[in-house]
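What follows is each chain in one-letter form.
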Amino acid sequence: MNKELQTIVKLVACQFNFEPAALAAFIEVESGGKGFGNDGKILIQFEPHYFRKRQPYAPSGAWSVNKVDVQSKEWLAFNNAFSINQNSAMESTSIGLGQIMGAHWKRLGYATVGAMWDDAKKSLERQVWQIAKFIDTDKNLKSALKTGDWHKVATIYNGAGYKDIARKYGREPYNISMAKAYGKYKA
């Protein structure tokens, strides 16, 4: 995570009374500290199964075969879904540093899902604010982050099967990655 982002994290963490190292660890593990791609577009992950729930009769297309891939393919799938239903596509996509699903727009206090997206596209600071607000609006996630219960953070944010998913893809489990990142930023 670069110095500019670390400064932003410290400022936003103070607004929400979070430990900066914990918020920084969350961001690093979730997105590697990147909110925008090299092309300047916000980083996204389109989730076909969410879109299918919102648009059960949508015709098959690029959206329906997306398998969490490179950004160009994520955008292709998203744009295809967007052409079918804009709001459903935005709600079915996680965005930015925290990879927060658009479906959480009300929880974050936005009037529309489009307003959430527009705000996240403005800056890394707005994306860090969204992550902090998301955490702040879930008492269990907030408590887990504040106490350093990385297993609970991982379970709440990524689901109970997060360790199985990590093993399937040969990755380190989320809770271990969080603990290491926290240690790095705490030092």
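Everything quoted here is computed from the prediction, not taken from an experiment.

This part is about the overall build of the protein. Along its length, the protein carries eleven helices and three strands. Starting at the N terminus, the α and β elements of the protein follow one another as α-α-β-α-α-α-β-β-α-α-α-α-α-α. Computed over the C-alpha atoms, the radius of gyration of the protein is 16 Å, within 12% of the 16 Å expected from 2.2 N^0.38 for a compact globule of 187 residues. Taking the principal axes of its C-alpha atoms as reference, the protein extends roughly 50 × 35 × 30 Å. Across the 187 residues in the protein, those meeting the buried criterion constitute 46%. Sequence separation of at least 24 residues holds for 59% of the intrachain contacts in the protein that already meet a minimum separation of 6. Split by element, the accessible area of the protein, about 9,700 Å² in all, is 51% carbon and sulfur. Of the charged side chains in the protein, 26 are positive and 17 negative, and the gap between their average positions amounts to 3 Å.

For N17, which is not glycine, the phi torsion reads 60° and is therefore positive. Counting through the fold element by element, N17 comes out in the loop between α1 (3-16) and α2 (20-31). One non-glycine residue with positive phi stands out, namely Q99, at about 50°. The residue Q99 is located in the loop between β2 (93-95) and β3 (100-101) in this model.

Turning next to the nonpolar core. One recurring pattern in soluble globular proteins: nonpolar side chains tend to sit buried together. By size, the foremost hydrophobic cluster in this structure holds 56 residues, and its most contacted members are F26, W117, V128 and V153. Discounting residues that sit within four places of it in the chain, V128 has contacts with L5, I8, V9, V12, L23, I27 and L97.

Judged by pairing direction, the sheet is antiparallel, and its three strands sit side by side in the order β1-β2-β3 without closing on themselves. In the strand order of this sheet, the two ends are held by β1 (44-46) and β3, each with one partner. Here β1 runs beside β2; their pairing, made up of three bridges, is antiparallel. The residue of β2 that forms the bridge with Q45 is S94.

Attention shifts here to helix α4 (residues 71-84). Along its 14 residues, α4 runs 20 Å from first to last C-alpha, staying within 8% of the 20 Å computed at 1.5 Å per residue. For α4, every residue scored as buried is listed here: E74, W75, A77, F78 and A81. End-on, the buried residues of α4 take up no more than an arc of 165°, which puts them together on one face. Seen from the buried face of α4, the exposed residues on the opposite side, beyond 90 degrees, are S72, L76 and S83. The elements touched by buried residues of α4 are β1, α3 (48-54), α5 (86-91), β2 and α6 (113-122).

Our next topic: empty space enclosed by the protein. Enumeration over the complete set of coordinates arrives at one cavity of 30 Å³ or more. The space that makes up the largest cavity amounts to roughly 40 Å³. Surrounding the largest cavity, I95, G96, L97, G98, I100, A120, Q127, Q130 and I131 form its lining. With three residues, the top contributor of residues to the lining of the largest cavity is helix α7 (residues 124-136).

Across the protein, the average pLDDT comes to 92, with 99% of residues at 70 or higher. The least confident element of the protein, judged by mean pLDDT, is helix α10 (residues 162-168) at 80; the most confident is α6 at 98.

Residue placement: Q6 occurs in helix α1. Along the backbone, Q6 and A21 are 15 residues apart, and their C-alpha atoms lie at a distance of 9.2 Å. Apart from the residues lying within four places of it in its own chain, the contact partners of Q6 are M1 and Y185. Of the polar contacts made by the side chain of Q6, one reaches the backbone oxygen of M1; its length is 2.9 Å.

Thresholds applied
Residues numbered from 1 in each chain as written. Predicted model: local features only at pLDDT ≥ 70, side-chain atom pairs only at ≥ 80, totals over all residues. Heavy atoms only, no water. Helix = DSSP H or I, 4+ residues; strand = E, 2+ residues; numbered from the N terminus. Rg over C-alpha atoms; globule rule 2.2 N^0.38 Å. Buried < 20%, exposed > 50% of the residue type's maximum accessible area, 1.4 Å probe, protein only. Contact = heavy atoms within 4.5 Å. Areas by Shrake-Rupley, 256 points an atom, 1.4 Å probe, with all protein chains shown as cover. Lys, Arg positive; Asp, Glu negative; His and termini not counted. Charge placed at Lys NZ, Arg CZ, Asp CG, Glu CD. Core = buried A, V, L, I, M, F, W, Y, C linked by side-chain atoms within 4.5 Å. Pairing = 2+ DSSP bridges. Expected span 1.5 Å × (residues − 1). Arc of directions from axis to C-beta. 1 Å grid on protein atoms, 1.4 Å probe; cavity = no way out; pocket = protein on both sides within 12 Å on 5 of 7 lines; lining within 4 Å. Points joined across faces, edges and corners; volume = space filled by probe spheres on them. pLDDT = per-residue confidence, 0-100. Polar contact = N/O pair within 3.5 Å; in protein donor to acceptor, adjacent residues only side chain to side chain.

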